[in-house]
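Understanding the architecture of this molecule
For reference, the chains in residue letters:
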Amino acid sequence: MMQRATGPFDVKLTPMPPEAQASDSPVGRLWLDKRFHGELDATSVGQMLAVRSAVEGSAGYVAMECVTGTLKGRTGTFCLQHSGTAVRGETSLIITVVPDSGTGELRGLSGSVKIIIESGGKHFYDFEYSLPEVP
């Protein structure tokens with residue numbers, strides 16, 4: 001049975017220097033540092049790779065992040081995989097739980113996350129997930 005958790009989150013993106021052999025690459029690398037509030041009470045860290053094209057509003061990114069905390073009272077960790085694309089301002093974003101990445105009481109977690117960004121930059125998550133019953 002699918003469940004849903006929602007709430008706000010804070011995110012800090014910190015540019016990372018390119019690897020020595022990639023100094024001329026158009027690929028940027030960022031460190032992710034997030035704090036989730038609400039039904040997902042957790043922190044996460046990860047890395048993002050991104051490219052902006054010469055066309056305004058067109059870009060792409062991939063990211064991996066690992067989350068540690070409590071999801072509706074169940075404690076553990078899990079990882080998320082991101083794939084985002086923008087085509088002249090029209091965006092598409094897929095964020096899924098990495099299969100079998102859940103630990104502790106979050107073992108067996110699967111699902112996907114939607115990110116909502118309100119005017120002013122406030123971020124919210126909408127996490128639709130499935131989690132086995134606690135034995």
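Residues numbered from 1 in each chain as written. Predicted model: local features only at pLDDT ≥ 70, side-chain atom pairs only at ≥ 80, totals over all residues. Heavy atoms only, no water.

Some points on the environment of Arg 74
Structurally, the position occupied by Arg 74 is in strand β5 (residues 74–87). On a C-alpha basis, the gap between Arg 74 and Arg 107 in space is 9.9 Å, while along the polypeptide they are 33 residues apart. Leaving out residues up to four positions away in the same chain, Arg 74 has contacts with Gly 69, Glu 105, Leu 106, Leu 131, Pro 132, Glu 133 and Val 134. At a separation of 2.9 Å, a polar atom in the side chain of Arg 74 contacts the main-chain carbonyl oxygen of Glu 105. (Helix = DSSP H or I, 4+ residues; strand = E, 2+ residues; numbered from the N terminus. Contact = heavy atoms within 4.5 Å. Polar contact = N/O pair within 3.5 Å; in protein donor to acceptor, adjacent residues only side chain to side chain.)

Observations concerning the pattern of salt bridges
Between side chains of opposite charge, a pair can form as their charged atoms come close. All chains considered together, the criterion is met by five salt bridges. Among the salt bridges present, the one from Lys 34 reaches Glu 65, with a minimum N-O distance of 2.9 Å. Here the residue Lys 34 occupies a position in strand β2 (residues 28–36), and Glu 65 occupies one in strand β4 (residues 59–71), the gap between them amounting to 31 residues. Asp 41 is paired through a salt bridge with Arg 35; the nearest N and O atoms lie 2.8 Å apart. Given the relative accessible area of 38%, Asp 41 is considered partly exposed. Under the relative-accessibility criterion, Arg 35 is labelled partly exposed at 32%. A cluster of three or more residues bridged by salt bridges with shared partners is formed by Arg 4, Asp 126 and Glu 128. (Salt bridge = Lys/Arg side-chain N within 4 Å of Asp/Glu carboxyl O. Buried < 20%, exposed > 50% of the residue type's maximum accessible area, 1.4 Å probe, protein only.)

Topic: the pairing of strand β6 (residues 90–97)
Pairing analysis gives eight bridges linking β5 to β6, with the strands arranged antiparallel. Looking at the pairing, Leu 80 lines up with Val 97 of β6. Connecting β5 to the antiparallel partner β6 that follows it, the hairpin turn spans two residues, and Arg 88 within it adopts a positive phi of roughly 50°. Note that β6 and strand β7 (residues 110–117) share two bridges and pair antiparallel. Counterpart to Thr 96 in the pairing with β7 is Ser 112. (Pairing = 2+ DSSP bridges.)

Structural notes on the state of the cysteines
As used in these notes, a disulfide is a covalent bond between sulfur atoms, one from each of two cysteines. Applying the stated rule across the entire model yields one disulfide. Through a disulfide, Cys 66 is tied to Cys 79; the S-S separation comes to 2.3 Å. In this structure, the disulfide formed by Cys 66 and Cys 79 twists by about 95° around the S-S bond and is classed as right-handed. Taken together, the residues span a long stretch of sequence, with Cys 66 in strand β4 and Cys 79 in strand β5 at a distance of 13 residues. Taking the relative accessible area as the measure of exposure, Cys 66 reaches 38% and is therefore partly exposed. (Disulfide = S-S within 2.5 Å.)

Topic: the environment of Glu 90
Considering the arrangement of structural elements, one finds Glu 90 in strand β6. Residue Glu 90 is classed as exposed on the basis of its relative accessible area of 61%. As for Glu 90 and Gly 102, which are separated by 12 residues in sequence, their C-alpha atoms are 32 Å apart.

Overview of unusual backbone geometry
Excluding glycine, most residues fall at negative phi; most peptide bonds, likewise, are trans. With phi around 45°, Lys 72 is a residue other than glycine that occupies positive phi space. Here Lys 72 is to be found in the loop between β4 and β5. Positive phi, close to 60°, is recorded for Asp 100, a residue that is not glycine. As for its position among the elements, Asp 100 is in the loop between β6 and β7.

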